[in-house]
Every structure is written in C-alpha cells, then in structure tokens.
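# Report on the structure
Spelled out from the first residue to the last, the chains are:
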Amino acid sequence: MAATLLFVSLLVFVVVRVLPGDPAILMLGIDASPETVARLRASMGLDRPLPVQYVEWIGGAIRGNLGRSIQYDVPVAGLIVSRLSVTLPLTLMAAALMVFAAIPLGVYAATRHRRLGDYLTMTLSQLGIAVPAFWAGLLLVLLFSVRLGWFASGGFDGWGQGVGGALKSLLLPAIALGLFQFAVLARTTRSAVLEVLREEYVKTARAKGLSERLVLFRHALRNAMIPVLTVAGVQLGQLMAGSIILESVFYLPGLGRLALGAITSRDLPVVQGVVLFVASVIVVINAAVDVLYGLLDPRIRYE
Amino acid sequence: MTMLRALALALLALMTAAGPAAAQGALAVQVPAEPPGLDLTASPASAIAAVVHYNVQECLVKVDKNGKLVPWLAERWYTTDSKNYTFFLKKGVRFHNGREMKAADVKFVLERAANPETKHPFQKRYEIIRDIIIKDDYTVSVTLKEVNANFLLEMARQGSVIYPREAVDTLKSAPLGTGPFTVADWVRGDRIVLAKNKDYHVKGLPHLDKVTFRFIPDPNSALAALKSGDIDVSAFGLGPENVVDLKRDPRFQVILGDTTNDVILAMNNSKKPYSDKRVRLAVTHAINKEEVLKGAMFGLGRILGSNVDPLNPYFVDMSKAVPYDPAKARKLLAEAGYPNGFDAVLRVSPQYYYTVRTGEVLVSQLAKVGIKVKIEQIEWGQWLSQVWKEANYDLTIIGHAEPWDIVNYANPGYYFRWDNKEFQALYRESEQTVDDKKRREQFARLQKMMADEAPVVWLYMHPRLVVAKKGVTGIWKDLPISSLDLTEVAWQK
C-alpha cells in the first residue's frame, strides 16, 4: 500500500512539473514584466532543483503537511478538508442511491429472467451506461431547475444553512453522478443472483418445498451479495474521482472542482495534494474491500 | 411497500426545504472565476478587480463609465508640467474600519507599491515616483522622476487602490477600503458576499444592500442559473452564442457595449516569412473582417485596424487602412517570394473559445490566397509558456484586454517580437508629452504606423456582454476599465 502511494506521489510530482505552464505567469498574466515573474517564481520555491522540491514535499506530506496553495495562499490540507464537506456527502449520497436502486432492481431482473421485467430493466441500465454523466446532469437541471423550479440550478449554501437545504442541493448531482455506477451495479447484481439461482443447493431448497421467496431471501441473496458488495466498494472510489465533472456542471465547491481549477492555473501543491489524497482513499477502500470479502466468504478466510 | 412510501416522503420533504428568499435590494451576480485572494496589490487577476475594484476599494482618481478620468478620493489635483502633482483629498472619507482617510495613507499605499519587497504586480509603474510629500492631512504632493502622461491614469487603476495601512494583513481575505460595499463573507469555492457601506462618502449611494458573487465557470451552468432565477446578472463568461436566444426572452435584458479588448491575429515577426512586411500586409489584405465578425461573433463587436480601441480618447478608425483585397494579397506574396503561398500553424487556446471560432473563419479566408493554415488547440498554461513566453509559434489569436496596452508594441521582447525603432521612439516621446493636442497627434501617427507596418492583424474589439433580469438598472454599458462597478446599480421600482 505504501509503495503504491509512493509511486503515485512520484508520478504526479513529475507529471505536473513536466507539463508546460508556469504558475507565476498564469498568476500574473500577459502584461507582466519578466522581473516580476522571476521574483514570484523564486518566492514559490520553483527555481530549486526538482529532487529537493520533491523530498521537501513528500517529507511534509507524510506528516500531513501538503504545502500551501499558490492561488489561495492557504494550507492545501485545509483546502482539501473544506472541500470534502461537499464531495464526501455527494459521493455517499450517490453511493446510497446507487445501492438502494441497483440491488433491488438487479434482484428483480434476475427473478424475471427472460421475461418483460428483465428486458425493461436491462434497457434501463443500458441507458444508464450510455448517457454521459455531465449530460445527465444538464438534463436534470433543465427539467427540475429551469423548467419546474423545484431545485436550484447548482451551488451549495453550506451545512450551516440547514441539513435539509444542503442535501437538497446535492440531490440532482448525486443522481447524475450515480447513474453510470447504478447501471453497472444493477447488471452485476442480476448476474450474481442468476448464477446463484443455478446452484445445486438452490435446487435442493426448491425440492424441499421452500417457497420461491424463502429460497431467494434466505439462501440465494446472501451468497449473491458477496461479489455485489465488493464491486460496490470499488465503485465508491470511482464515484469520488468521478465527481470532478459534475461539480463543474452544478458549480459545487467540491474536491473535483478544486482539482480542475488547480490544474488550469498550475497550482502545483494543490494538484499534488488532491491526487495523492484521492489515491490514498482509493487504496484504502480497495484494501477494506479485500478484508470485507474475506469476512463475507468463509471459503476465502480458511484458505 | 413501506420503504417506497418512506422514500417518497423523504423526497417530498427535501423538495419543500425552503431556499433563501431573494431580498429586496439584493443582487446575485455570476462571475466565471473565483478570485485568487482579494488583494489587488498582490495579483493582477481580473477576477479580483471584478469584485473589489471600485466596489470595495477605490482610487484617488476614477475612470467613469464613459472612460473619462474624474476626481474621486482626490476631489481635485493640480499640475502644470505632468511631473509635479498635488492631490487635494476629499474630507470625511472613512475606511470600513471607521478611520478617516488621510494623506499619510496615500503616501503609504504608493510607497508600498513601488517597493520591490511587496511584489506588487505593476511595481515597475510606480518606480517613476521620486518623492511623496505630505503637506497636510488632506494634501499630498507627488513628484515624478520624469514627465509621464500616463500617471493620472495609473492612479485610477486597480493597483492604486487606497486602503488603511493598518489593514495590510487582511488585504488577501477581507480587504478594507473606502468603497460603497464591504466584504461580508467569503465561502471559499462558492461565493463572496458584499454588504452596503452605510457610511459611504457619496450620499444616497449605493442602492443595493447586498451583492452575492457566485463562481460559475461553465457558461451552460451560468445560463441555467440565470433562467432558473438563481442569479440576476451574468457579467462575464457568456459569449455571443449564448446571448442569441436570451435576447428574445422577455424576462431578460442584454446589455451590449464596448470594451478595451482587442482581438488580434498575432504573427511571429522574428520568424520567416512573417519578418517580411509584405507577407504581413498580405495576410491582412486576405482577411475579410466583416465575415470574421459575423462568423465568429454573430456580428457583435467592432472591427479594428490598430491596437487603440474606440473607448480610448485618441482613437482613430484605422479599420479601412488595409482593406480586404485578396488579389493584392496574392500579389504581395508573390513579390515576397511566395507565389504559391506557404504553410502555417495557428495555435489557439479553447479557454477563450472566441479565438477558436475566429481561427476557423480565418483558415478558409487565408486558404484562398494560398496560405494553408492548420489549427492547433493548446491548453492555456501551454499557450502562456510556448507562445507568450518563448514566442514558439507562427500564428496565434488572442484578445488583449488591458486599456492603453499600446506599450506592448514598443517592447521588442513581447511575443510579437516586433522591433521597430521609429515606433519605439515615437511612443517614448508620447509618454512624456504634456500637451493633449500634441499627444493626440502623436497617437494618430502611432496608429498609422501600426497599420502600415502590420506587425499583427487587429481583427475586432470583443463586445461587452451582460445579461441581466429586466428591472436591474445602473450597470455600465461599456467596460473602459477592468471593474464591475455596482455603485449605482439598483432594482427599478
């Protein structure tokens, strides 16, 4: 895990510095004098040798100090934490919507295999996979915000203004964000349930005279959930990374927009910090999923 | 089905959660970028000027909505030679912390700007100040090292805002000034809120109680926010393509005006074939600027013939000086040794999408005279590095928004790499000319020189585009200076 993160840190550090684009010129604009630009570069510490800059950065990062933002002149760690108050609830909401919609739908499709219910569900999930998230977002805004006026077109007033209002501003973006993963999870659930329903012990349970409902809920689902939950866990990380586009459509002050803005203005400490942070989160989630898998499936535990 | 019912109830509860009600006297403005700090003495970013300049902080002199220099914090000034200035400050002007503005504050601000340690973005422009003497609390005299015709204008620009010397540390997050609004709140990433300054030194102003700047970078999101009523004004970031259908919407007004943003096709004068004046003139003759305006800007904007824009008092209309004449273009190219034209790469940055659209129109026009142009879209940071800093380009398109930026053409190191000694000498002379009539004549000659030598092709002035709800009054039609002056903005009763 540490090796992965070290590799990621090295990669992002090199990539942002190899990219053309000088943060000092970006800050000062096209009417700046070369002396002012040089002075600003020096004050940013950008004219020191690269290995020195890297060691200084990674040394601080291990202790939780990710440097200072060039643009905002505030600690990067603080910026990330403040943006998390938007991205984390957004990701969790999208994940919740995804799970509570996809799993029942997938189970339903599996039980209606090769009948109308199955085909309708699969068409729906196909749409979810095909529609790009930002377009879905724009469509949701056009309908629910511009046309109906039920929701704001974007923005986030903060948790201080009340939990209800805050959740409301995250609802449409969460739906758009979760759409693709919802479709994928629905299909995964359907396949997992179908496979389990073909197993010998299910046939035995049916032969014993158990109702289809009992077969499903007491025997099949518990085993089907193992692969489903592990996929859902991995998708959680992907949701977090995928928020970058939707936060722009809904102008939410989240982590994704912070990263996008930082890349455009070459705010190197912020880009490095955000990438390292998101990579860490995904690594941790994947490790947790591995553990979960072992807990759920006794066969793995005893290997 | 209790779970479904619960879900439906929850949804209903969420939908009825009330949002903040629009208060009378409140205005929500969209800006495309969050300012990197609010310190006008640390960064030249126009995103800062849009929020702070003339709203929160003010200058001794002001550029008004017609582009005229008018007295502001200095109620009058006195000079005979444009080298020694005496400013008489308005009495009873209070900073937002309650303290009265005095001459000592002016001296502090100007000396701090000139000090290299401060890293003021326009520090060089203050080096011309030799001495600042406080005559009394409301009188300050400034002596320059040499005559400078631009000095008063410099005192009106965003780098010269007057702030209390005890508030230097808060300039970045909550700047204090003398302006009609104070900074009430800054929710990072989302919005900045300004509140009315009840002690403003101009009685009866401002009209608004509260202004909220929302950062909405995507023009489609800005449009949606406008149409759903989440914002009242979109001041920057909408292009002519967005404005077309808003014009027909009875809820909105579209304000169309002039700016100081001249959009140019720059040619690399240090590189063949652009080092040859005949080639540069040929490129200019090959371009039909009317078609460019129609095709790239939906007909909005004004055609230019030199760098000086219509809002400048010395503007001379040079747009017909080098007219559209493809036959002449081909003749000039042949004379210069390119009878079959040549290949060129045009680099543009989609961050400023009008440059991409403009490029697409130009490609077909230039092809007709044999110049085969390939468009290369590069990211903004790359453009700054490769085109602006290293002059690694053939052709590029960009808008130069700064007023009075003719000085860039007198700089042989600027990315055009145009080195014309006669132009440089005449420009330097004009900087030291005190007599307005003589300066006007010099500027006329400078503009003719630019048209004759054609270091770049001046295409058009980018229009000022503001969309606001009907009922909002007082927004400037033109943009003679980088500011979103809200002093006189109000809701019609």
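The following paragraphs examine the structure supplied in this document.

Turning our eyes to something else, we now look at the sheet that holds strand β12 (residues 252-257) of chain B. Residues and elements named next belong to chain B. With respect to topology, seven strands assemble into an open sheet ordered β8-β9-β10-β1-β11-β19-β12, the strand pairing being mixed. Looking at strand neighbours, the two that pair on one side only are β8 (181-187) and β12, the edges of this open sheet. Bridge analysis of strand β1 (residues 26-31) against strand β10 (residues 210-215) gives six bridges, and the strand direction is parallel. For Val29, the partnering residue across the bridge sits in β10 and is Phe213.

Before going further, it helps to spend a moment on helix α1 (residues 2-18) of chain A. Residue and element names in this part refer to chain A. For α1, which comprises 17 residues, the first-to-last C-alpha distance of 24 Å matches the rise-based estimate of 24 Å (1.5 Å per residue) to within 8%. Buried within α1 are the following residues: Ser9, Phe13 and Val16. One side of α1 holds all its buried residues, which, seen down the axis, span an arc of 80°. More than 90 degrees from the buried face of α1, the exposed residues found are Ala3, Phe7, Leu10, Val14, Val15 and Val18. Contacts from the buried residues of α1 go to α4 (50-62) and α12 (268-296).

Right, let's get into the nonpolar core. In globular proteins that are soluble, nonpolar side chains generally tend to be buried together. Counting 147 residues, the largest nonpolar core has Val274(A) and Leu60(B) as the members making the most contacts within it. No other element matches the 16 residues that helix α8 (residues 163-197) of chain A contributes to this core. Judged by nonpolar contacts, the second largest core, of 66 residues, contains Val283(B), Trp383(B), Tyr409(B) and Val456(B).

Take helix α7 (residues 277-286) of chain B next. Burial runs high along α7(B): eight of the ten residues are buried. Elements in contact with the buried residues of α7(B): β13 (262-267), α9 (326-336), α10 (353-367), β16 (371-377) and β18 (456-461) of chain B.

What follows concerns the pairing of β1(B). Residues and elements named next belong to chain B. Within β1, five of the six residues are buried, leaving the element largely enclosed by the surrounding structure. Relative to strand β11 (residues 233-234), β1 runs parallel, the two sharing two bridges. Residue pairing across strands places Val29 opposite Val233, the latter belonging to β11.

We now examine the packing of helix α5 (residues 76-111) of chain A against α8(A). Between α5(A) and α8(A), whose axes approach to 6 Å, the crossing angle comes to 35°. The two elements α5(A) and α8(A) cross, and the hand of that crossing is right-handed.

All right, on to the interface of chain A and chain B then. Between chain A and chain B, the contact holds 48 residues from the first and 40 residues from the second. Secondary-structure elements contributing two or more residues to the side of chain A that touches chain B are α2 (23-28), α3 (34-44), α5, α7 (133-147), α8, α10 (212-249) and α11 (255-264) of chain A. When the residues that make up the side of chain A that touches chain B are grouped by side-chain class, the tally is 22 nonpolar, 17 polar and nine charged.

Thresholds, definitions, all that
Residues numbered from 1 in each chain as written. Chains lettered and ligands numbered in written order. Predicted model: local features only at pLDDT ≥ 70, side-chain atom pairs only at ≥ 80, totals over all residues. Pairing = 2+ DSSP bridges. Helix = DSSP H or I, 4+ residues; strand = E, 2+ residues; numbered from the N terminus. Expected span 1.5 Å × (residues − 1). Buried ≥ 20, exposed ≤ 12 C-beta atoms within 10 Å, placed from the backbone. Arc of directions from axis to C-beta. Contact = placed C-beta atoms within 7 Å. Core = buried A, V, L, I, M, F, W, Y, C linked by C-beta atoms within 7 Å. Axes fitted to C-alpha atoms, helices over the stretch in contact; angles between N-to-C directions. Left-handed = near helix turned anticlockwise from the far one by under 90°. Nonpolar A, V, L, I, M, F, W, Y, C, P; charged D, E, K, R; others polar.

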